[in-house]
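# Secondary and tertiary structure notes
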Amino acid sequence: MSAVPPADAGAETNDALKGPAAGFGLAAVIAILFNTALAWAENVDEPLNAYMASLSGDPWRTHGFAAVAVFIALGYFFTSRGFRIDGSRFAALLAAASIVAGGGLALWFVLI
């Protein structure tokens, strides 16, 4: 009796993300970290905060526009480049980015 390989042997696993799911998924990871970095930067640098306020009337509104712009631009960029990622690896990246970003914001509020 011989072992017969499954029909999809050598095929990519079912949990691989590709296309917009992969591209915008990675963009979300980066946008989460960008959001935290921008929050720190605008609170540390008063001229940056004033400049951001001058763009939309409120620095936090500009902050939101910037975060969404980073997400959309990077999402389209990674999607157009055919980015692929394993689903488990993506979940780990997203969790790590969320923990780092949340910890970074919490640390900021502890420090000020």
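Basis of the calculations
Residues numbered from 1 in each chain as written. Predicted model: local features only at pLDDT ≥ 70, side-chain atom pairs only at ≥ 80, totals over all residues. Heavy atoms only, no water. Buried < 20%, exposed > 50% of the residue type's maximum accessible area, 1.4 Å probe, protein only. Helix = DSSP H or I, 4+ residues; strand = E, 2+ residues; numbered from the N terminus. Arc of directions from axis to C-beta. Contact = heavy atoms within 4.5 Å. Core = buried A, V, L, I, M, F, W, Y, C linked by side-chain atoms within 4.5 Å. Patch = residues over 30% accessible without salt bridge, like charges linked within 9 Å, V, L, I, M, F, W, Y side chains within 5 Å. Areas by Shrake-Rupley, 256 points an atom, 1.4 Å probe, with all protein chains shown as cover. Salt bridge = Lys/Arg side-chain N within 4 Å of Asp/Glu carboxyl O. Phe/Tyr/Trp six-rings, centres within 6.5 Å; stacked < 30°, edge-to-face > 60°.

Turning our eyes to something else, we now look at helix α2 (residues 46-56). Among the residues making up α2, those that are buried are Asn-49, Met-52 and Ser-56. Across the axial projection of α2, the buried residues extend over an arc of 65°, all falling on one side. When the buried face of α2 is taken as reference, the exposed residues oriented beyond 90 degrees from it are Glu-46, Pro-47 and Ser-54. Packing partners of the buried residues in α2 comprise α1 (20-44) and α3 (59-80). Note on α2: the residue one or two positions beyond its end, Gly-57, has a positive phi of about 95°.

What follows concerns the nonpolar core. Grouped burial of nonpolar side chains is what soluble globular proteins tend to show. Formed by Ala-22, Val-29, Ile-85, Phe-90 and Ala-97, the largest nonpolar core amounts to five residues. Elements supplying a minimum of two residues to this core: α1 and α4 (87-111). Sequence-distant contacts of Val-29, that is, excluding residues within four places in its chain, are made with Phe-90, Leu-93, Leu-94 and Ala-97.

A surface patch of nonpolar side chains, amounting to about 460 Å² of accessible area, comprises Leu-107, Phe-109, Leu-111 and Ile-112. Position of Leu-111 among the secondary structure elements: in helix α4.

So, about the packing of aromatic side chains. Two measures describe an aromatic ring pair: the distance that separates the ring centres and the angle between the ring planes. By the definition in use, this model includes five aromatic pairs. A centroid spacing of 5.2 Å and a plane angle of 50° characterise the contact between Trp-40 and Trp-108, whose relative ring orientation is tilted. Within this pair, whereas Trp-40 is found in helix α1, its partner Trp-108 is found in helix α4, the two being separated by 68 residues in sequence. Owing to a relative accessible area of 28%, Trp-40 belongs among the partly exposed residues under this scheme. A ring pair is formed by Phe-77 and Phe-78, whose centres lie 5.5 Å apart and whose planes are at 65°; its orientation type is edge-to-face. Judged by its relative accessible area of 38%, Phe-77 falls in the partly exposed class. Each residue in the set Phe-24, Phe-71 and Tyr-76 is aromatic and connected to the rest through ring pairs, giving one cluster.

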